[in-house]
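# Observations on chain architecture
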Amino acid sequence: MTMLASLLDTLVSRMPSFSASDHASVVSLNLFVALLCACIVLGHLLEENRWMNESITALLIGLATGVVILLISNGKSSHLLVFSEDLFFIYLLPPIIFNAGFQVKKKQFFRNFVTIMLFGAIGTVISCTVITLGVTQFFKKLDIGTFDLGDYLAIGAIFAATDSVCTLQVLNQDETPLLYSLVFGEGVVNDATSVVVFNAIQSFDLTHLNHEAAFRLLGNFMYLFLLSTLLGVATGLISAYVIKKLYFGRHSTDREVALMMLMAYLSYMLAELFDLSGILTVFFCGIVMSHYTWHNVTESSRITTKHTFATLSFLAETFIFLYVGMDALDIDKWRSVSDSPGTSVAVSSILIGLLMLGRAAFVFPLSFLSNLAKKNQSEKIDFKMQVVIWWSGLMRGAVSMALAYNKFTRAGQTDLRGNAIMITSTITVCLFSTVVFGMLTKPLIRFLLPHQKVTTSFLSDGNTPKSIQIPLIDQDSFIEFAGNNHNVPRPDSIRGFLTRPTRTVHYYWRQFDDSFMRPVFGGRGFVPFVPGSPTERDPPPTDLSRV
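Scope of this entry: the structure provided in the associated data block.

Cut-offs used in this document
- Residues numbered from 1 in each chain as written.
- Predicted model: local features only at pLDDT ≥ 70, side-chain atom pairs only at ≥ 80, totals over all residues.
- Heavy atoms only, no water.
- Helix = DSSP H or I, 4+ residues; strand = E, 2+ residues; numbered from the N terminus.
- Contact = heavy atoms within 4.5 Å.
- Salt bridge = Lys/Arg side-chain N within 4 Å of Asp/Glu carboxyl O.
- Buried < 20%, exposed > 50% of the residue type's maximum accessible area, 1.4 Å probe, protein only.
- Core = buried A, V, L, I, M, F, W, Y, C linked by side-chain atoms within 4.5 Å.

### Quick notes on the environment of isoleucine 287
- Its location among the elements puts isoleucine 287 in helix H12 (residues 278-296).
- Considering only alpha carbons, one finds isoleucine 287 and lysine 105, 182 residues apart in sequence, at a separation of 9.1 Å.
- Residues in contact with isoleucine 287, not counting those within four places in the same chain, are Gly101, Phe102, Val104, Lys106, Phe109 and Phe110.

Structure representation (structure tokens):
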């Protein structure tokens, strides 16, 4: 007791000094929360604006706040919080990527999976190569310091990252389902590919480049991609099985909601622990959870999880763009390049030109190859859609900034002039691309695809948490019904055959899912054998002929 009393006395005696030392942090957090509230309010007021979106609003508020802080601090600082890679990769990025997988319309996403992989994986490598070759040629003519091959390759990986945080706000999956699935899917795979390539470059011995080393690099990428995907799927299936078997909802809905959130975050942290791609892991975990786990919880938990994941993702996105706007005016970084503003502008201009060229180098050729493999005209990517895909991927954001900080800073500080130029150029490219390209994206889509809204009804996916409505009969139900009823007419034309194929990959997956997966892991239609069914369905009617 005496020792406990002395410990309490020590803590109490230290509380005033502790509060005084943390007063600045408390003030900064209060201001940042207030700015987040302002972003939400202004984003709501500008919802129907033709040029603005929430990311641009947060960026501009961040810039304005940075200017005010610069004036108040007499040019000493422009931001309330110090940028941290751990803050971004561990706390902010997981809820964004998980919610993207949790809310995605799975049927549309997997229908275009091959094209998405072409754009996201092969396209990112092509873009990285184009940017690397470009900066190798141009930067040698500019006086920006000494860069080796590893630096040029890292720059290519940094600016090949389109950043799904930006891309997700370009399109709406209800208004432009095909376009959204391509842009969004490419953004997720692109992020994972860019991070994997960047980390491989950082840990790779570039002094002994040969064909064997290139194949090792490719094998390492495939290894990371497959294991990351399997880890996400396994984590999602485990959560579905546990919730299905134990059915927490009969006692407490809070427990099943908490378990879903913790298992989702655990998938990301396990991937980081095993040096895998956390982005891919948490994304596929979100898809599996939306297909199985989400249907195993109570009705109230479904609503709660859907809105909770969306809210966390929204706050993380707003937080990132708000901070990027404030960090753009970091006086220490700009002071290092103040003696040569022309060089900094030239580097930023070259990078913007190269990222536009890098996008064009794979979007149009790979779209052509994708169209050759598609017989249905409605599934082909026409030229207008290709332009939108190319344009929407021009934006750069927090992923590029985080990788640039990792490469060119030490504890947030830049000691070399060349590193400072790269940091300021990255900030300039992120600001310019997000604000300028982002503001022009909405008008561009309305100009190129003016009638896109009226073509979404037959592509809606009722099995996604974002859409509670379930169609009365879908394609596979029609096929099964037709198989048991010979009076149903078969498709009598090529158009009918293409719109209602008798055997598809999705058909076989549904057969496998219904026969093997759902009996074990639950999913749509799951009814627990305990009071208080999560689906809250009426019991089946009694067969009076057997009474």
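### Structural notes on the pattern of salt bridges
- Per the stated rule, a full pass over the model turns up 5 salt bridges.
- The salt bridge partner of glutamate 299 is arginine 302, with a shortest N-O separation of 3.5 Å. Of this pair, glutamate 299 and arginine 302 are both found in helix H13 (residues 299-327), 3 residues apart, which corresponds to roughly one turn of the helix.
- Residue glutamate 299 is classed as partly exposed on the basis of its relative accessible area of 26%.
- Assessed through its relative accessible area of 11%, arginine 302 is described here as buried.
- Note that aspartate 513 and arginine 518 form a salt bridge whose closest N and O atoms lie 3.1 Å from each other. Each of the two residues, aspartate 513 as well as arginine 518, counts as buried.
- Taken together, the salt bridges that share partners define one network made up of Asp513, Asp514 and Arg518.

### A few points about the nonpolar core
- In terms of nonpolar packing, the biggest core is built from 121 residues, with Phe139, Leu351 and Met422 touching the most fellow members.
- The element best represented in this core is helix H9 (residues 177-203), accounting for 13 residues.
- Within the second largest apolar cluster, 6 residues are counted, among which are Leu237, Ala240, Tyr292 and Phe521.

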